[in-house]
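Report on the structure
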Amino acid sequence: MSNPLYREIVQDIRTLVEATAHPRRRTIRLSPEVAAKLEALSSAGSAAAAADTHSEPAEVPAASTPAPDPGSPSDSGAREAALDALEKMVAMCTKCELCHGRTQTVFADGDPTARIVFVGEAPGADEDRQGVPFVGRAGQLLTDIITKGMGLQREEVYICNVIKCRPPNNRDPKPAEIEQCEPYLVEQLRLIQPEVICALGAHAARTLLRTNVAVGKLRDQWHEYCGIPLRVTYHPSYLLRNPADKRKTWEDIQVIMEYLGIPIPQGKGS
Ligand code: SF4
């Protein structure tokens, strides 16, 4: 490979990386195969450059894991401690009127170091009773999506809601309630630093993305929340009422799995 061609390829890759890099972390996630090819290319190019004393050393961005944000806890112990402290703060929160009707706050469930965070809108009756998000039939379906679909344990992901207290009679949260409660979600995400968010259902998606567009139109593209890539899919409760759309959710989940480099089980591809 001639050095000008090599430099041209490297420049193209750099352009691609700059165009697609995570805006906050300034990194790009590569599959192991692509990373191996780039490393091989880098080695070949370095060897060629070394042989050509007139050429400048070339550098190829390697696959990298996201760097922690400045000021964020860098180890899981500190992260867990910070999340525990936040959970205690939420448990005492009286910032909006939803505090009056709750049995308890519903903070989150799962791994504070999870690569993926599922976000729903608000706790329902079962969640309010148990203090855990996504329990009951809808919760079981989400668990099935995670375990049978993604091949993960529920404990390996992080599950939470935008709103931490149950709205009475499962009404939609009011804008003022979202405004008061959303900073807790933002802080959770800042501490967890997931690689991807999956917004579950219209209400969560519209709240996070500040839009009134229907889930059907939001789900086929990447979005971003707090600088984190976000995909939208249907809420498990909706899927219980509309089982035909489970196929679409599985398509959405496969996009996320591909992004995270999680192998899609044979025979389950779309
Ligand atoms: S919904 Fe959120 S802001 Fe309102 S009282 Fe509960 S924790 Fe506080």
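All figures in this text were calculated on a predicted structure; none of them were measured in a lab.

Thresholds applied
Residues numbered from 1 in each chain as written. Predicted model: local features only at pLDDT ≥ 70, side-chain atom pairs only at ≥ 80, totals over all residues. Heavy atoms only, no water. Helix = DSSP H or I, 4+ residues; strand = E, 2+ residues; numbered from the N terminus. Buried < 20%, exposed > 50% of the residue type's maximum accessible area, 1.4 Å probe, protein only. Contact = heavy atoms within 4.5 Å. Salt bridge = Lys/Arg side-chain N within 4 Å of Asp/Glu carboxyl O. Near = heavy atom within 4 Å. 1 Å grid on protein atoms, 1.4 Å probe; cavity = no way out; pocket = protein on both sides within 12 Å on 5 of 7 lines; lining within 4 Å. Sits in = over half its atoms within 2 Å of the grid points. Nonpolar A, V, L, I, M, F, W, Y, C, P; charged D, E, K, R; others polar. Pairing = 2+ DSSP bridges. Core = buried A, V, L, I, M, F, W, Y, C linked by side-chain atoms within 4.5 Å.

1. Some words on the overall build of the protein chain
Helix and strand counts for the protein chain stand at ten helices and six strands. Evaluated residue by residue, the protein chain yields a buried proportion of 45% over its 270 residues. Here the analysis covers contacts within the protein chain between residues at least 6 apart in sequence; of these, 71% occur between residues at least 24 apart.

2. Side note on the environment of Pro183
The topology assignment puts Pro183 in helix H6 (residues 175-192). C-alpha separation for the pair Pro183 and Val162, spaced 21 residues apart in sequence, amounts to 9.0 Å.

3. What about the pattern of salt bridges?
Throughout the structure, instances matching the rule amount to 14 salt bridges. Close ionic contact of Arg210 with Glu182 constitutes a salt bridge, the shortest N to O distance being 2.7 Å. Taken together, the residues Arg210 in the loop between helix H7 (201-209) and helix H8 (215-218) and Glu182 in helix H6 connect sequence positions 28 residues apart. What makes Glu182 buried here is its relative accessible area of 7%.

4. Examining the site of the ligand
With respect to spatial proximity, the complete set of residues near the ligand consists of Cys93, Lys95, Cys96, Leu98, Cys99, Arg102, Ile163, Lys164, Cys165, Gln180, Cys181 and Tyr184. Spatially, the ligand is embedded in the largest cavity. Grouping the constituent residues of the shell around the ligand by class yields eight nonpolar, one polar and three charged.

5. Examining the pairing of strand S2 (residues 116-120)
Extensive coverage of S2 is indicated by the burial of five of its five residues. Here S2 shows no split at all, with Ile116, Phe118 and Gly120 on one side and Val117 and Val119 on the other all buried. Here four bridges tie S2 to strand S4 (residues 196-200), and the two strands are oriented parallel to one another. The residue of S4 that forms the bridge with Ile116 is Val196. For S2 and strand S3 (residues 158-161), the ladder comprises four bridges, and the chain directions are parallel. Bridge assignment links Val117 to a residue of S3, and that residue is Tyr158.

6. Quick look at the nonpolar core
Core analysis: the largest hydrophobic core is formed by 56 residues, its most contacted members being Ile116, Phe118, Met150 and Tyr158. It is H6 that provides the largest number of residues to this core, a total of seven residues. Those residues in contact with Ile116 that lie beyond four places of it in its chain are Met150, Val157, Tyr158, Pro194, Val196, Cys198, Ile256 and Leu260.

7. Focus on unusual backbone geometry
You will see that Asn170, though not glycine, has its phi angle at about 55°, which is positive. Along the polypeptide, Asn170 turns up in the loop between S3 and H6. By relative accessible area, which is 47% here, Asn170 ends up partly exposed. The phi dihedral of Cys226 is positive, around 55°, even though this residue is not glycine. Relative to the elements of secondary structure, Cys226 occurs in the loop between strand S5 (223-225) and strand S6 (228-233).

8. Overview of H7
The complete set of buried residues in H7 reads Gly201, Ala204, Ala205, Thr207, Leu208 and Leu209. Contact partners of the buried residues in H7: S2, H6, S4, H8, S5 and S6. The positive-phi residue at the C-terminal boundary of H7 is Arg210, with phi of around 55°.

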